[in-house]
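One-letter residues, chain by chain:
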Amino acid sequence: MEFFAHPWYMAAGGLLVSAPILIHLINRMRFKRVRWAAMEFLLKSQKRNRRRMIIEQLILLLLRILLVLLAAFLVARFLYGGTGPRGATHVVIVDDTLSMNDAGKQGEESSSAFNTAIVQVKKVARNASKAASAQYMRIFLLSELDKSPIFDARLGDGSEREIDEAFVKRGNKPTLLAGSPMSGLERGQKYFSDMKSDQGQKFIHLVSDFRDRDWTTGPDAEKVSEVLRSILDAGVNLNLIDTAAPSRTPNSKVANHHDNIAIVDLKAESRVAVEDSDIEFTASVMNLGQAEGRTFLKVYINGEESPGSDTVLEKIAPNSKVEHKFTLRFNSKRKGTEINPKDGPEERERKRRLEREYNVIRVALQREEVGLNADNVRDLVLEVRKKVPTLVVDGNKPEGRSDGGDMSHLAAFYAASGIYEVEERRLEDLAKSDLDLYPGVILLNVAELPEAAIKKLQSYVNNGGSVTWFLGEETKADHFNTALFNAGLFPVLLEDRPYDPFAAQGIADPEQRKKLRDAARQTDPKPKILFPDATNVLVQRLAPAQGLFRYLGINVYWKARVRSTWDPDGRQTKPLVVLPNTQSMDVFKGRALSLMESAAAAVTKLAAKEEEYRKYLPLMDEYKTRTVRNAIATGELFALAEALDSLLNSQQQLNDKREETRPSMTSLWQQVDLKPLADEIREFRERVLFGDPLVVSRTVGKGRVLAMLTPAGTNLRKGVGEDGVQWNNWGAGDRIVSNLYPLFLLDVHRFMISEGQAPNRVLGEETTFAVDAARYMPDVSYTFEPQPDVSVAAAKIEPEREKGVMEKQENLLSFALKDVKRPGVFRVTLTQLGEGPLEDRQETRAYAYNVDATAESDLKRAGRERLLPDLPPGDAKRGKLALLTPTESFDQFQEKTPDASESPWIYLFFILILVVEQAMAVHLSYHLKGNENAPPASSPPVAA
Amino acid sequence: MATKIKPDDPRRFLDPKTVAKINNLDLRAKQVVEGFISGMHKSPVFGHSIEFKQHREYTMGDDIRHLDYKVWSKTDRFYIKQYEAETNLRCNLVVDVSESMHYGNGPLNKYNYGCTAAACLAHMLLRQHDSAGIITFDEAVRKVIPARASMSHMDAILDAMHTSKPREKTDILSILRRVTESIPGRGMVVIISDLLVDREPFIKGLEMLCQRRHDILVFHVLDTEERTFPFVGTTRFEGMEDMPHLLCDPRALRDGYLEALEEYLVEVRRGCTRLGVDYQLVYTDDYLDAILSKFLHFRADVRNRSARAR
């Protein structure tokens, strides 16, 4: 009976089989009586037909029994597709991220994608609960994958209500968090792989809006196929239920989406603002719609509208970003205590803590009728200081702390800057310092760092701090290449010893080297340092003066190993200052000539196709036959690089009559066919031009590390094979170069406090900090000021006040802000131990939480082909992948296994048996033949 | 105003309409019959009719009034002149009144139909001054009414056909033997029956009658339902005249039944033909006047043809 979907119907059918027999027997009991004269013939007929009649009647009876059996067979639905239902486990991943707030109209009411998702989940449960076998459902929210499911039960009659209650408990609203559906799918897969007992069929239902960013363009898009395949290969059926509006039509490859304008970024030029100085802010507004957008922008400072900040952003092109820049100036309202030169390090730190002050800058766009509104507000927390302190650790031995030493240049710089101040610490005190107070840490000629200091610095950098290294003769390459590099505190791997280019050329005599160095400075017109990225904060003010650096001398430096060893994909680090390439021309000659051949051929081909490009033919010929060859002939890579630069970037030249004498090469290379070749030439030029890196940055966590592979100072120190050598002359060489050195140091500080937005986070991120238990009370109070809905922007929302106790771990008190799901600003107030009024001992830290607009605001939806990719063939047990829409009935979850009622053959057979039975019945029944008359109803008259 | 006839009134068998239709016909014997009064039928003996038959040499004892003197004068021999004699017909109606004859759907069952036919024939015979008698039988000869030529004999004939408790037929041979014995001389015998008896004794009985030189007519009466067998649904057929019962689906047996019936009819017809017996199969839904007219015309034709042949 287990082969039937409704075995009881089959049992009843089995009983009904006897119906024809019973009818036959009943009919035999109910008969007419006829007194009959001509019995003789009847008996004779009966005797003759006895056997045939029995056989025919038996066949008819069997046919009728068969018909009853077939009818029962159809009603009972014979399961020929297998052993019948074995039960199923449904793991439902409900996307409750920000983009699920997108609402579409359903009749009169508008329903968010999340509300539609709830309806669909209930529909799945309703249908699955109708299955004959045991059905289990576990519902996970995408934002709470690490938590237990919100619903975990065997499906039954009350399941729909329970699911409803589970969602009502969570407010029936999606979160404002960001999340990747891939992690949801991996959670579902893990659930099944952890499942020990076999609970029948396996289903993962991903109920989401299937945005293009999650499936096609985002960081997780690459692993879509891999995740899908591994799920299906594990025999799990995957249903992608798309609940976004407007509803996806069954056969269309693409789905429409709502327009949306979002603030995708708000940043200040500096992480720490100095009192009474201008700070530039940049709000990046992106139009993620399909039509040109227009919006209205307002700026608020600490909840108050900034006067004159109203701006109309007109004509934002589809899929493009507009950067709105505005400048603000802040005054410190907090009365800090002046730092006395006689104060000890701890006292200075205490006073610095008390003077910390945060301002909240909020940018809001006007409310949108469609699309998301949560991404129309963005907060930024900016720390304001009277001066920006920098922690400096000098690793030089006492004898090295002379005039021109590393520290002397920095001290001069701090004295002159006015906005930066130095806090010098010994290396051994580094681990004890409260690094959180300092936006930047500079380490000068440090040999190696103790383990505790490494850990401290690592934590500091990961939380948004910046560390700058100046190397020197004390540097121990082994320590840097292992402990520091592995901790992420140093960006490159160094060669074993310092590098002197002349020593490398085999010039051992120090005097001769000195002469050559002088000659290079005085006679060599080439700049001695180059800037690959001239727009970077660190070098953007130095780059225009690149020509002046011909007088610079980088005599000795730490040579970095081949870049592939410390940055395999070339994306982790950024060489900001490099030395010119010193390799032989022979290395690049062949490649240069072949590239020129390719370029000339490509331009000739283009000119043959399009007449307007014919004017480039003589020019290309000139580059190919003269310019580049001449540069190669000089043997100077710099000359070759300049020739290539001219080839790529030379501008249009006009004569007095404004007639073109030389066309623009920039325009030429913008031609689509030539772009790959242009990129190739550009890359080759960089290889020709750039030599060893001198200043390299690397982003680590929320912070950055910067390494200058030569000292900050200009004093004589141990070189390569000579005792007293000036490693570089930037700070004390020719005046024209040394004047640029303070600018470089200033830019180093700007670099350290720029970009990194340590107190600014996206929702879901965790904020933790630890303070010295000996200095703070464990009680902590904090306020949360939620972001207002833009529709009620004018209303001032009262901050929510909370209290807590910091957790003590060894000598530290730690505090964590976890599970932040609402955007807004947290202000955490800590109280220092000690005497005096409470206000004088309280310090505040602020953290702004915003929605992750980059990840969630783009409502563009993934195409059908992306969601249902052509996967390589798998085995028979592979699960099925389906894309479902809310318009579908989901009755497939009633666990219907293929049954006989779905086969047309069984109906054909049924009809055939029916026809045969009827034919047989007709054959065995009385019918008048053609020449017979029907028997008269009454007796005829005797006479006509 | 027509007089209403009661169901048990013997005169019910004499249907005026039928009688009127056959009134202008007459029933003649196909062969010579021995009558007791002069009539329209040839007699086996010589008589006084005007029809000269033959000359015969005079023998002692012959009436000399019949001597043909013209022949004596020419040949000097005595010849007697003989003439054909004409006599009346003595017809015996042998009517089956057994139980099986009482089967029938409607007012005219086989018994009624057969008796009506017999009454009409008797009336016709008496009207043409022939004598008519009747013998009814079931398990044995039930009544014997000798042939009389008087019209008043009609009531006796009708009374004889009326029966209240029909019984089964058993031995047809003995019945026919009894009939043979009870009819003196040659005459006409009309058998009206459904012939639901064994064929062999029936044919033997006919042979006996033929040996007595009777002119035999057989009216074989069957009911319409016996011809068409129109029954449907499970039916229990209860046999009359000691036949067994049978519960069956009549539709299944119909073809076999009709086939057996046809065989039987062929056999009866063949037997009658062999003996020179006039056989007429009639069904109770046939119009009796038409059947009788047709039959009497047929006999008249046969008689004329045989006369011409002579």
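Criteria and cut-off values
Residues numbered from 1 in each chain as written. Chains lettered and ligands numbered in written order. Predicted model: local features only at pLDDT ≥ 70, side-chain atom pairs only at ≥ 80, totals over all residues. Heavy atoms only, no water. Helix = DSSP H or I, 4+ residues; strand = E, 2+ residues; numbered from the N terminus. Buried < 20%, exposed > 50% of the residue type's maximum accessible area, 1.4 Å probe, protein only. Contact = heavy atoms within 4.5 Å. Areas by Shrake-Rupley, 256 points an atom, 1.4 Å probe, with all protein chains shown as cover. Pairing = 2+ DSSP bridges. Axes fitted to C-alpha atoms, helices over the stretch in contact; angles between N-to-C directions. pLDDT = per-residue confidence, 0-100. Patch = residues over 30% accessible without salt bridge, like charges linked within 9 Å, V, L, I, M, F, W, Y side chains within 5 Å. Salt bridge = Lys/Arg side-chain N within 4 Å of Asp/Glu carboxyl O. Expected span 1.5 Å × (residues − 1). Phe/Tyr/Trp six-rings, centres within 6.5 Å; stacked < 30°, edge-to-face > 60°. Lys NZ or Arg CZ within 6 Å of the ring centre and 35° of its normal. Buried area = accessible area lost by both parts, 1.4 Å probe. Polar contact = N/O pair within 3.5 Å; in protein donor to acceptor, adjacent residues only side chain to side chain. Nonpolar A, V, L, I, M, F, W, Y, C, P; charged D, E, K, R; others polar. Parallel < 35°, antiparallel > 145°, perpendicular 65-115°, else oblique. Left-handed = near helix turned anticlockwise from the far one by under 90°.

Caption draft 1: Quick peek at the overall build of chain B. From N to C terminus, chain B includes 9 helices and 10 strands. Counting over 310 residues, chain B shows a buried share of 52%. Within chain B, contacts between residues separated by at least 24 positions form 75% of all contacts whose residues are at least 6 apart in sequence. Surface summary for chain B: the accessible area is close to 14,800 Å², and the carbon and sulfur share equals 51%.

Caption draft 2: Region of interest: the sheet that holds strand 3 (residues 90-96) of chain B. All names here are of chain B. Pairing is mixed across the open sheet formed by 6 strands, whose spatial order is 5-4-3-6-7-10. With partners counted over all chains shown, the strands left at the sheet margins are strand 5 (141-148) and strand 10 (278-283), one partner each. Mean inter-strand twist for the sheet, computed between neighbouring axes without regard to direction, equals 15°. Across the sheet, helix 5 (residues 172-182) touches strand 3, strand 4 (131-137), strand 5 and strand 6 (188-193), and the angle it forms with strand 4 is around 155°.

Caption draft 3: How the structure looks around the environment of Leu883(A). Residue and element names in this part refer to chain A. Structurally, the position occupied by Leu883 is in strand 39 (residues 881-884). The spacing of Leu883 and Ile241 is 642 residues in sequence and 6.0 Å in space, taken between C-alpha atoms. Excluding residues that lie within four positions of it along the chain, Leu883 makes contacts with Leu240, Asp242, Arg248, Arg864, Leu867, Leu868 and Glu888.

Caption draft 4: Here's a closer look at the sheet that holds strand 39 of chain A. All names here are of chain A. The mixed open sheet is built from 6 strands, whose spatial order is 6-5-2-7-8-39. Edge positions in the open sheet fall to strand 6 (151-154) and strand 39, since each of these has one partner strand only. Across the sheet, the mean angle separating the axes of adjacent strands is 15° when strand polarity is ignored. On the sheet, helix 4 (residues 113-129) packs against strand 2 (88-94), strand 5 (135-141), strand 7 (201-208) and strand 8 (236-242) and is oriented at approximately 175° with respect to strand 2. Strands strand 7, strand 8 and strand 39 of the sheet are contacted by helix 8 (residues 224-233), whose axis makes an angle of about 130° with strand 8.

Caption draft 5: Highlighting the confidence of the model for chain A. Taken residue by residue, chain A gives an average pLDDT of 84. The fraction at 70 or more is 93%. In the model, residues 935-944 of chain A has pLDDT below 50 throughout and makes 25 contacts with residues more than four positions away in sequence or in other chains.

Caption draft 6: A nonpolar patch on the surface, seen in detail. Among the surface-exposed residues, Ile21(A), Leu22(A), Leu25(A) and Ile26(A) lie close enough to one another that they form a single nonpolar patch of about 330 Å² accessible area. Following the sequence through the fold, Ile26(A) ends up in helix 2 (residues 19-29).

Caption draft 7: Looking closely at helix 16 (residues 586-609) of chain A. For helix 16 of chain A, which comprises 24 residues, the first-to-last C-alpha distance of 36 Å matches the rise-based estimate of 34 Å (1.5 Å per residue) to within 8%. Its buried side turned inward, helix 16 of chain A meets helix 17 (616-634), helix 18 (637-649), helix 19 (665-669) and helix 20 (675-689) of chain A.

Caption draft 8: View of the packing of aromatic side chains. For the structure shown, the criterion picks out 41 aromatic pairs over all chains. When the centroid spacing of 5.4 Å and the interplanar angle of 65° are considered together, the rings of Tyr499(A) and Tyr557(A) count as edge-to-face. Highlighted residues: Tyr499(A) in strand 22 (residues 494-499) and Tyr557(A) in strand 23 (residues 557-560), separated in sequence by 58 residues. The rings of Trp36(A), Phe41(A), Tyr103(B), Phe229(B), Phe231(B), Phe237(B), Tyr257(B) and Tyr264(B) are connected pair by pair, giving a single aromatic cluster. Positioned above the aromatic ring of Phe890(A), the side-chain terminus of Lys123(A) is 4.6 Å from the ring centre. For the cation-ring pair, Lys559(A) lies above Tyr499(A), with the distance from its terminal atom to the ring centre recorded as 4.6 Å.

Caption draft 9: Inspection of unusual backbone geometry at higher detail. In this chain, Ala245(A) is followed by Pro246(A) through a cis amide linkage whose omega measures -5°. Within the secondary structure layout, Pro246(A) lies in the loop between strand 8 and strand 9 (261-268). With phi around 55°, Leu195(B) is a residue other than glycine that occupies positive phi space. Looking at Leu195(B), the relative accessible area reads 3%, which means it is buried.

Caption draft 10: Region of interest: the interface of chain B and chain A. On the side of chain A, 38 residues touch chain B, which itself brings 53 residues to the contact. Across the interface of chain B and chain A, roughly 4,200 Å² is buried in total on both sides, 62% from carbon and sulfur atoms. Per-residue buried area on chain B facing chain A is highest for Glu238(B), Arg254(B) and Tyr287(B); these three make up 13% of the total on that side. On inspection of chain B and its partner chain A, the count reaches 5 salt bridges. In this structure, Glu259(B) and Arg48(A) form a salt bridge, with 3.5 Å as the shortest nitrogen-oxygen distance. Linking chain B with chain A are 14 residue pairs in polar contact (both at pLDDT 80 or more), by the criterion used here. Only helix 1 (16-22), helix 7 (224-228), strand 8 (235-239), strand 9 (246-248), helix 8 (250-275) and helix 9 (288-309) of chain B provide two or more residues apiece to the side of chain B that touches chain A. Examining the composition of the side of chain B that touches chain A, we find that 13 residues originate from one element, helix 8 of chain B, more than from any other. Tallied by class, the residues present in the side of chain B that touches chain A amount to 23 nonpolar, 11 polar and 19 charged. Here 5 bridges tie strand 1 (residues 32-36) of chain A to strand 8 of chain B, and the two strands are oriented parallel to one another. Directly across from Arg35(A), in strand 8 of chain B, lies its bridge partner Glu238(B).

Caption draft 11: The packing of helix 5 of chain B against helix 6 (residues 199-211) of chain B, seen in detail. All names here are of chain B. Two elements in contact, helix 5 and helix 6, have axes separated by 8 Å at closest approach and are oriented at 15°. If you check the angle between helix 5 and helix 6, you find them roughly parallel. Every pair of crossing elements has a handedness; the one defined by helix 5 and helix 6 is right-handed. On helix 6, the residues that touch Ile172, Leu173, Leu176, Arg177, Val179 and Thr180 of helix 5 are Pro201, Phe202, Lys204, Gly205, Leu206, Met208 and Leu209. Here the contact of helix 5 with helix 6 is composed, by residue class, of 9 nonpolar, 2 polar and 2 charged.

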